[in-house]
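Topology and contacts: notes
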Amino acid sequence: MMKNCEYQQIDPRALSVSPSSAQPCTGKSVQPPRRKWEAFPGKNRFYCDGRIILARQSGVLPLTLGLIVVTCGLFFAFDCPFLVEHLTIFIPVIGGVLFVFVVISLLQTSFTDPGILPRATPDEAADVERQIDTSGSSTYRPPPRTKEILINQQVVKLKYCFTCKMFRPPRTSHCSLCDNCVERFDHHCPWVGNCVGKRNYRFFYSFIISLSFLTSFIFGCVITHLTLRSQAGKGLVQSIQESPASVVELVICFFSIWSVLGLSGFHTYLVASNLTTNEDIKGSWSSKRGSEDTGNPYSYNSIATNCCVTLCGPMPPSLIDRRGFLPPHETPPAASASEIELPPFMAKNDTHMEENCQDFALSCTA
């Protein structure tokens, strides 16, 4: 009787799938929306859901903050009580105001977007290449590295960034450490753990100026403290033994005050001239370039105007939209019948399947 039996292929799509087994499959395909900082192409670190941005190599920032906190803590703990008793109570008040201003300026410099420019999309990069290649030849030509524009009757060259796929705007440079193009790029400062550019230069300048005042103030107060102790019938050695923390403060302030004061004077010159550190080092607008028009096209020929534009101008918005959501991905195509994950044939709930197979076997052996 076996010859009368016809075997038919079981269609997998005809198999019944219980709702309980189908729910986990649909749940896996749903993904929460991602923010843009999670897919940021530069070498940066983000904290607080993209609100704080830092360079990836920001290990010197804790050292900077630690030196400031430790020095001021020793000053308030060991020097201020003696100075308040023998001089005035305004000494810790002035020191506290300077300390708070320094820390706030440092954190603003470190956690603010310095002016990063978003990279060109593939369509924008292709459009730039089409505009450059006007010869109509089919051979590939790399885009030229420069482009000339006119600013205040002076020719300024724009360089093409092969990483960001765009011509950099004026005064923009690509930071090799952060791997970003930064507007009005000044320099990358490891002490603050961030680039210094268009959006955080005012905070950086206020940080180094206030740090100069704080370092000079502590240095002068510590010397006054030791001098008053030695004049009270005690020698200098005994005064140092009574306040050993003052020696630590003197050493820290002595080796840092010269660099901080020099840096403050240099950046004051840059602000008055409306220059950046990058432009000054390269000599972009100096006679060393050998060009006829060597004047700075961005200067307003007024120290007061240059200072106001650099430090007091409106804060430009951030262009990278760190906390925005990425566009949703395209819906994946429906899976074919062979790709459908089928439940086990011998599952406990599939009793009807087992009964049908037994009936079919009995009819073939009859």
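Criteria and thresholds
Residues numbered from 1 in each chain as written. Predicted model: local features only at pLDDT ≥ 70, side-chain atom pairs only at ≥ 80, totals over all residues. Heavy atoms only, no water. Helix = DSSP H or I, 4+ residues; strand = E, 2+ residues; numbered from the N terminus. Contact = heavy atoms within 4.5 Å. Areas by Shrake-Rupley, 256 points an atom, 1.4 Å probe, with all protein chains shown as cover. Axes fitted to C-alpha atoms, helices over the stretch in contact; angles between N-to-C directions. Parallel < 35°, antiparallel > 145°, perpendicular 65-115°, else oblique. Left-handed = near helix turned anticlockwise from the far one by under 90°. Nonpolar A, V, L, I, M, F, W, Y, C, P; charged D, E, K, R; others polar. Expected span 1.5 Å × (residues − 1). Bend = angle between axes of the 7 residues up to and from the residue. Buried < 20%, exposed > 50% of the residue type's maximum accessible area, 1.4 Å probe, protein only. Salt bridge = Lys/Arg side-chain N within 4 Å of Asp/Glu carboxyl O. pLDDT = per-residue confidence, 0-100. Pairing = 2+ DSSP bridges. Polar contact = N/O pair within 3.5 Å; in protein donor to acceptor, adjacent residues only side chain to side chain. Phe/Tyr/Trp six-rings, centres within 6.5 Å; stacked < 30°, edge-to-face > 60°. Lys NZ or Arg CZ within 6 Å of the ring centre and 35° of its normal.

Some words on the overall build of the protein
Along the backbone of the protein there are 10 helices and 9 strands. Counted over contacts in the protein with a minimum sequence separation of 6, partners at least 24 positions apart contribute 65%. As displayed, the protein has an accessible area near 22700 Å², and 61% of this comes from carbon and sulfur atoms.

Quick look at the packing of helix 3 (residues 90-111) against helix 5 (residues 201-231)
In the contact formed by helix 3 and helix 5, the axes pass within 8 Å of each other and the chain directions differ by 150°. By the angle between their directions, the pair helix 3 and helix 5 is classed as roughly antiparallel. The chirality of how helix 3 crosses helix 5 is left-handed. Residues Ile91, Ile94, Gly95, Leu98, Phe99, Phe101, Val102, Ser105, Leu106, Gln108 and Thr109 of helix 3 form the contact with helix 5, whose participating residues are Phe203, Phe204, Ser206, Phe207, Ser210, Leu211, Phe213, Leu214, Phe217 and Cys221. Of the residues contributing to the contact of helix 3 with helix 5, the split by class is 15 nonpolar, 6 polar and no charged.

What to know about helix 7 (residues 244-273)
In a regular helix each residue adds 1.5 Å, so 30 residues correspond to 44 Å; helix 7 covers 44 Å between its end C-alpha atoms and thus fits that length. Of all the bends in helix 7, the largest measures some 35° and sits at Ser256. Every buried residue of helix 7 is listed here: Ala245, Ser246, Glu249, Cys253, Ile257, Val260, Ser264, His267, Leu270, Val271 and Ala272. Buried positions along helix 7 lie against helix 2 (60-86), strand 8 (187-189), helix 5, helix 8 (277-282) and helix 9 (303-312).

Describing the pattern of salt bridges
Throughout the structure, instances matching the rule amount to 7 salt bridges. Ionic pairing is found between Arg171 and Glu279, a salt bridge with its closest N-O pair at 2.9 Å. With a gap of 108 residues between them, Arg171 in the loop between strand 5 (166-167) and strand 6 (173-175) and Glu279 in helix 8 connect regions that are remote in the sequence. Residues Arg171 and Glu279 agree in their burial class; the two are buried. Residue Glu183 is joined to Lys198 by a salt bridge in which the shortest nitrogen-to-oxygen separation is 3.9 Å. Of this pair, Glu183 sits in the loop between strand 7 (180-182) and strand 8 while Lys198 sits in the loop between strand 9 (194-196) and helix 5, placing them 15 residues apart in sequence. The exposure class assigned to Lys198 is partly exposed, which follows from its relative accessible area of 36%.

Some points on the confidence of the model for the protein
Residues with a pLDDT of 70 or more make up 75% of the protein, whose mean pLDDT is 79. Confidence, expressed as mean pLDDT per element, reaches its minimum in the protein at helix 1 (residues 19-29) with 49 and its maximum at helix 3 with 95. Counted against residues more than four places away or in other chains, residues 330-351, with its pLDDT under 50, gives 11 contacts.

Quick word on the sheet that holds strand 5
Pairing is antiparallel across the open sheet formed by 3 strands, whose spatial order is 3-4-5. Looking at strand neighbours, the two that pair on one side only are strand 3 (146-151) and strand 5, the edges of this open sheet.

Some points on the pairing of strand 4 (residues 154-161)
With 6 bridges joining them, strand 3 and strand 4 adopt antiparallel strand pairing. Within strand 4, the position partnered with Lys147 by the bridge is Leu158. Taking the residues that link successive antiparallel strands as the turn, the strand 3-strand 4 hairpin has 2 residues, and the phi of Asn152 there is positive, at about 50°. Sheet analysis places strand 4 next to strand 5, joined by 2 bridges and oriented antiparallel. The residue of strand 5 that forms the bridge with Tyr160 is Phe167. The turn joining strand 4 and strand 5, which pair antiparallel and follow one another in sequence, is formed by 4 residues; a positive phi near 60° is taken by Lys165.

Overview of the side chain of Thr112
Secondary-structure assignment places Thr112 in the loop between helix 3 and helix 4 (122-132). A polar contact is formed between the side chain of Thr112 and the backbone oxygen of Gln108, at a distance of 2.4 Å. Other than its neighbours up to four places away in sequence, Thr112 contacts Ile53, Asn194, Arg199, Asn200 and Phe203.

A word on the environment of Glu183
As for Glu183 and Ile116, which are separated by 67 residues in sequence, their C-alpha atoms are 6.4 Å apart. In contact with Glu183, not counting residues within four places along its chain, are Pro114, Gly115, Leu117, Arg171, Thr172, Gly197, Lys198 and Leu319.

Notes on the packing of aromatic side chains
Tallied over the entire structure, the rule returns 9 aromatic pairs. Relative to Phe162, the ring of Tyr160 has its centre 5.0 Å away and its plane inclined at 75°; by these criteria the two rings are edge-to-face. Using a relative accessible area of 2% as the deciding quantity, one classes Tyr160 as buried. Residues Phe254 and Phe255 carry aromatic rings whose centres are separated by 5.4 Å and whose planes lie at 85° to one another, so their mutual orientation is edge-to-face. Here the aromatic residues Trp37, Phe40 and Phe46 are joined through ring pairs into a cluster of three or more. Sitting over the ring of Phe167, Lys147 keeps its end group 4.7 Å from the ring centre.

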